[in-house]
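Fold and geometry: a report
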Amino acid sequence: MKRLAIIGAGGHGKVVADCAGLLGWDSISFFDAAWNDKLSDSRWPLLGDTSTFLKKSSEFDGVLIAIGNCEFRWIEFSKIKNLTTSVITLKHPNAFVSQYSKLGDGTVVLAGSVVNTDAVIGDACIINVGSTVDHDCLVGNSVHIAPGAHISGGVTIGDGSWIGVGSAIKQGVRIGKNVMVGAGAVVLSDIPDNSTVVGNPARAVT
Ligand SMILES: CC(C)(COP(=O)(O)OP(=O)(O)OC[C@H]1O[C@@H](n2cnc3c(N)ncnc32)[C@H](O)[C@@H]1OP(=O)(O)O)[C@@H](O)C(=O)NCCC(=O)NCCS
């Protein structure tokens with residue numbers, strides 16, 4: 001029996017649990033800060049919040065944070081990263097992850113996505129469904145590449161940035177920390193830290 005704890009029982013958590021089941025995790029339990037307001041479903045029990053998990057951590061073989069928001073994901077990740085329970089990395093069986101790429105602890109690579117040659121991805125990242133991170137990209141910690149976003153070769157993305165659904169990033173661009181790239185944006189030039197950009201070509205939201 002392989003026992004996995006997932007912190008974050010929302011839609012993304014459900015997708016992560018589904019993926020983990022395919023990869024042989026046969027006992028999956030959720031923990032969530034809002035656990036009082038959420039019901040366990042018939043597939044996966046909801047046992048409490050993160051502090052409940054911390055008390056029970058020795059009962060699990062692996063743990064993952066499954067929260068879409070980059071800031072909250074990183075806060076929860078910092079609570080679990082030094083436990084003896086392994087913080088696992090998940091690769092969906094229908095994702096391509098190059099043998100020459102690197103994935104940090106707690107990172108998930110979901111169905112239909114690609115992490116290509118010599119890409120380096122940090123801890124607690126989400127490479128969401130149908131997205132691509134091409135060769136030589138350098139992706140920081142707690143970055144979320146949303147569904148269908150395409151990151152061309154040699155792009156750098158700073159910690160905590162969220163690359164919106166269906167966006168496209170030109171090769172070699174440098175995206176700072178805590179940047180939000182809007183849905184469908186086309187990013188052609190560097191983006192400074194702590195900014196939000198939208199549109200084609202992407203421009204700062206004022
Ligand atoms: C960019 C984003 C964060 C802005 O959200 P916000 O701060 O709440 O901003 P608002 O919705 O108030 O929009 C501000 C302005 O930007 C425009 N805008 C917002 N998002 C836009 C987008 N993706 N493309 C083009 N214009 C956009 C709005 O129309 C509005 O314009 P206006 O001032 O002329 O009316 C958000 O719209 C977005 O695209 N989020 C990404 C969602 C995503 O990828 N989800 C994936 C889930 S896994």
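Details of the structure are given in the entry above.
Figured I'd write up the structure that's included with this text. Computed from a predicted model, the values in this text were never measured in an experiment.

Take the overall build of the chain next. Counting its secondary structure elements, the chain contains three helices and 23 strands. Over its C-alpha atoms the chain spans a radius of gyration of 17 Å, differing by no more than 12% from the 17 Å that the globule rule assigns to 206 residues. With the principal axes as the frame, the chain shows a C-alpha extent of 50 × 40 × 30 Å. Here the chain holds 206 residues, and 46% of them are scored as buried.

The subject of this paragraph is the sheet that holds strand S14 (residues 144–145). With mixed pairing, eight strands are arranged side by side in an open sheet as S5-S8-S11-S14-S17-S20-S22-S23. Only two strands of the sheet have a single partner each, and these edge strands are strand S5 (90–91) and strand S23 (203–204). As paired strands, strand S20 (residues 180–181) and strand S22 (residues 196–198) are joined by two bridges and run parallel to one another. For Met-180, the partnering residue across the bridge sits in S22 and is Thr-196.

Before going further, it helps to spend a moment on the environment of Ala-66. Position of Ala-66 relative to the elements: it lies in the loop between strand S3 (62–65) and helix H3 (70–80). Separated by 121 residues in sequence, Ala-66 and Val-187 have C-alpha atoms that sit 27 Å apart. When near neighbours in sequence (up to four residues on either side) are disregarded, Ala-66 contacts Ile-6, Ile-7, Gly-8, His-12, Gly-13 and Val-16.

Moving on to H3. Since there are 3.6 residues in each turn of an α-helix, residues three or four apart along the chain are aligned in direction. Residues of H3 that are buried: Cys-70, Arg-73, Glu-76, Phe-77 and Ile-80. The buried residues of H3 occupy one face: seen down the axis, they fall within an arc of 130°. N-capping of H3 is provided by Asn-69, with a side-chain oxygen placed 3.0 Å from the backbone N of Glu-71.

Turning our eyes to something else, we now look at the site of the ligand. His-144, Ala-146, Pro-147, Trp-162, Gly-164, Val-165, Met-180, Gly-182, Ala-183, Thr-196 and Val-198 make up every residue found near the ligand. One nitrogen or oxygen atom from the main chain of Ala-183 is found 2.8 Å from an oxygen atom belonging to the ligand. Out of a free accessible area of 910 Å², the ligand has 39% covered by protein chains.

Once that is clear, we can look at the environment of Glu-76. Examined against the element boundaries, Glu-76 turns out to sit in helix H3. Take Glu-76: its relative accessible area is 13%, and that puts it in the buried class. Residues Glu-76 and Arg-174, 98 residues apart in the sequence, show an inter-C-alpha distance of 27 Å.

A few words on unusual backbone geometry. Along the chain, Asn-200 connects to Pro-201 via a cis peptide bond; the corresponding omega equals -5°. In this fold, Pro-201 is placed in the loop between S22 and S23. The phi angle at Ser-142 is positive, at roughly 55°, despite the residue not being glycine. Locating Ser-142 in the fold gives a position in the loop between strand S13 (138–139) and S14.

Tallied over the full model, the rule gives two salt bridges. One salt bridge in this structure joins Glu-76 and Lys-79, with 2.9 Å as the shortest N-O distance. Placement of the pair is Glu-76 and Lys-79 together in helix H3, with a separation of three residues, close to one helical turn. Residue classification places Lys-79 among the partly exposed positions, given a relative accessible area of 40%.

Turning our eyes to something else, we now look at the pairing of strand S2 (residues 27–31). Counted residue by residue, S2 has four buried out of five residues, so it is predominantly covered. Pairing of strand S1 (residues 3–7) with S2, which is carried by five bridges, proceeds in the parallel orientation. By the bridge assignment, Ile-6 is partnered in S2 with Phe-30. In this fold, the crossover linking S1 to S2 by way of helix H1 (residues 11–22) has right-handed handedness.

Here is what the cut-offs are and how they apply
- Residues numbered from 1 in each chain as written.
- Predicted model: local features only at pLDDT ≥ 70, side-chain atom pairs only at ≥ 80, totals over all residues.
- Heavy atoms only, no water.
- Helix = DSSP H or I, 4+ residues; strand = E, 2+ residues; numbered from the N terminus.
- Rg over C-alpha atoms; globule rule 2.2 N^0.38 Å.
- Buried < 20%, exposed > 50% of the residue type's maximum accessible area, 1.4 Å probe, protein only.
- Pairing = 2+ DSSP bridges.
- Contact = heavy atoms within 4.5 Å.
- Arc of directions from axis to C-beta.
- Polar contact = N/O pair within 3.5 Å; in protein donor to acceptor, adjacent residues only side chain to side chain.
- Near = heavy atom within 4 Å.
- Areas by Shrake-Rupley, 256 points an atom, 1.4 Å probe, with all protein chains shown as cover.
- Salt bridge = Lys/Arg side-chain N within 4 Å of Asp/Glu carboxyl O.
- Right-handed = clockwise from strand over helix to strand, strands pointing away.

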